[in-house]
Structure formats: structure tokens, C-alpha cells
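Chain residues, written in single-letter form:
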Amino acid sequence: MQVEVISEQEEESGLKFSITFGGEACTLSLSWADYNLWSPDGTRPPSIVAVAVLRVLLEHGPEKIPASLDASVLRRLIDGGDQLVSRELGSGSS
């Protein structure tokens with residue numbers, strides 16, 4: 001399924017993305033702490049990390065993605081979610 005970032009807005013605690021996927025849309029918040037966890041060297045654009053999070057949620061998470069969510073929710077919904085995001089990002093390679 002195609003996942004596309006429509007907009008990105010920087011906030012004090014991180015970033016907020018408007019994302020579309022499969023004819024639906026959501027707002028995804030990505031804290032700086034979560035960004036640093038999934039891109040520890042800071043080389044990946046935050047939008048790529050946000051897309052990876054949403055892809056993992058779509059593949060392994062709930063049937064319905066909420067209209068607004070924080071990226072950290074995947075830890076509560078998916079066992080091994082952090083590792084799945086890292087794998088989606090290419091296991092640490094740029």
C-alpha cells in the first residue's frame with residue numbers, strides 16, 4: 001500500500017505529519033526521542049521514519065488506524081515494534 005507524507009510540521013517535542021494511505025489519512029506525531037531511537041545517527045529524514053512507522057502499523061497493528069496517533073503507540077500495540085521499524089528502515093543502513 002502506498003504511504004505518502006502530505007505535510008510535515010516541526011513542534012517543540014518533535015514533528016507532526018499528515019499522511020495518506022489506501023484512501024485514508026491520519027496525523028502522526030513523532031517525538032525527537034522516537035526519531036533518535038529509529039535513526040540514531042540522524043541520517044534518515046524524519047518523514048522516512050514516519051512512513052516506516054505507519055507501514056509497520058498497517059502490516060502488524062490494528063485493523064483501523066486512528067485519525068491521530070503518536071508513533072510510540074506501536075510499542076503498546078505490536079510486540080517487537082521497534083525492531084520492525086528498524087527492519088523497515090533497512091536494519092540500520094542508510
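Look up a bit, the structure's there.
Here goes a summary of the coordinates provided. (Residues numbered from 1 in each chain as written. Predicted model: local features only at pLDDT ≥ 70, side-chain atom pairs only at ≥ 80, totals over all residues. Heavy atoms only, no water.)

## Section: the pairing of strand S1 (residues 3-11)
- Where S1 and strand S2 (residues 14-21) come together, eight bridges link them in antiparallel fashion. Looking at S2, one finds that Ser 7 is bridged to Ser 18.
- A loop of two residues connects S1 with S2, the two strands running antiparallel in sequence. (Pairing = 2+ DSSP bridges. Helix = DSSP H or I, 4+ residues; strand = E, 2+ residues; numbered from the N terminus.)

## Focus: helix H4 (residues 81-88)
- For H4, the set of buried residues is Gly 81, Leu 84 and Val 85. Along the axis of H4, the buried positions cluster into a sector of 100°, meaning they face one direction only. Turned more than 90 degrees away from the buried face of H4 sit Gln 83 and Arg 87, all of them exposed.
- Along its buried surface, H4 packs onto helix H1 (32-38), helix H2 (46-60) and helix H3 (73-77).
- Backbone geometry just after H4 places Gly 90 at a positive phi near 100°. (Buried < 20%, exposed > 50% of the residue type's maximum accessible area, 1.4 Å probe, protein only. Arc of directions from axis to C-beta. Contact = heavy atoms within 4.5 Å.)

## Observations concerning the packing of aromatic side chains
- Per the counting criterion, the structure on display carries one aromatic pair.
- A centroid spacing of 6.4 Å and a plane angle of 85° characterise the contact between Trp 32 and Tyr 35, whose relative ring orientation is edge-to-face. Highlighted residues: Trp 32 and Tyr 35, both in helix H1, separated by three residues, approximately one helical turn.
- Taking the relative accessible area as the measure of exposure, Trp 32 reaches 29% and is therefore partly exposed. (Phe/Tyr/Trp six-rings, centres within 6.5 Å; stacked < 30°, edge-to-face > 60°.)

## Overview of the nonpolar core
- Counting 27 residues, the largest nonpolar core has Ile 19, Trp 38, Val 53, Leu 54, Leu 57, Leu 74 and Val 85 as its most contacted members.
- Listing elements by their share of this core, those giving two or more residues are S2, strand S3 (24-31), H1, H2, H3 and H4.
- Looking at which element gives the most residues to this core, the answer is H2, with eight residues.
- Beyond its immediate stretch of four places on either side in the chain, Val 85 contacts Trp 38, Ala 52, Val 53, Val 56 and Leu 74. (Core = buried A, V, L, I, M, F, W, Y, C linked by side-chain atoms within 4.5 Å.)

## Quick word on the pattern of salt bridges
- Applying the stated criterion to the full structure yields five salt bridges.
- Between Arg 55 and Glu 88 there is a salt bridge, with its nearest N and O atoms 3.9 Å apart. Residue Arg 55 is located in helix H2, and its partner Glu 88 is located in helix H4; the two are separated by 33 residues in the primary sequence.
- On the basis of relative accessibility, which here comes to 29%, the residue Arg 55 falls in the partly exposed class.
- Each of the salt bridges in this network shares a partner with another, and the network as a whole consists of Asp 34, Arg 75 and Asp 82. (Salt bridge = Lys/Arg side-chain N within 4 Å of Asp/Glu carboxyl O.)

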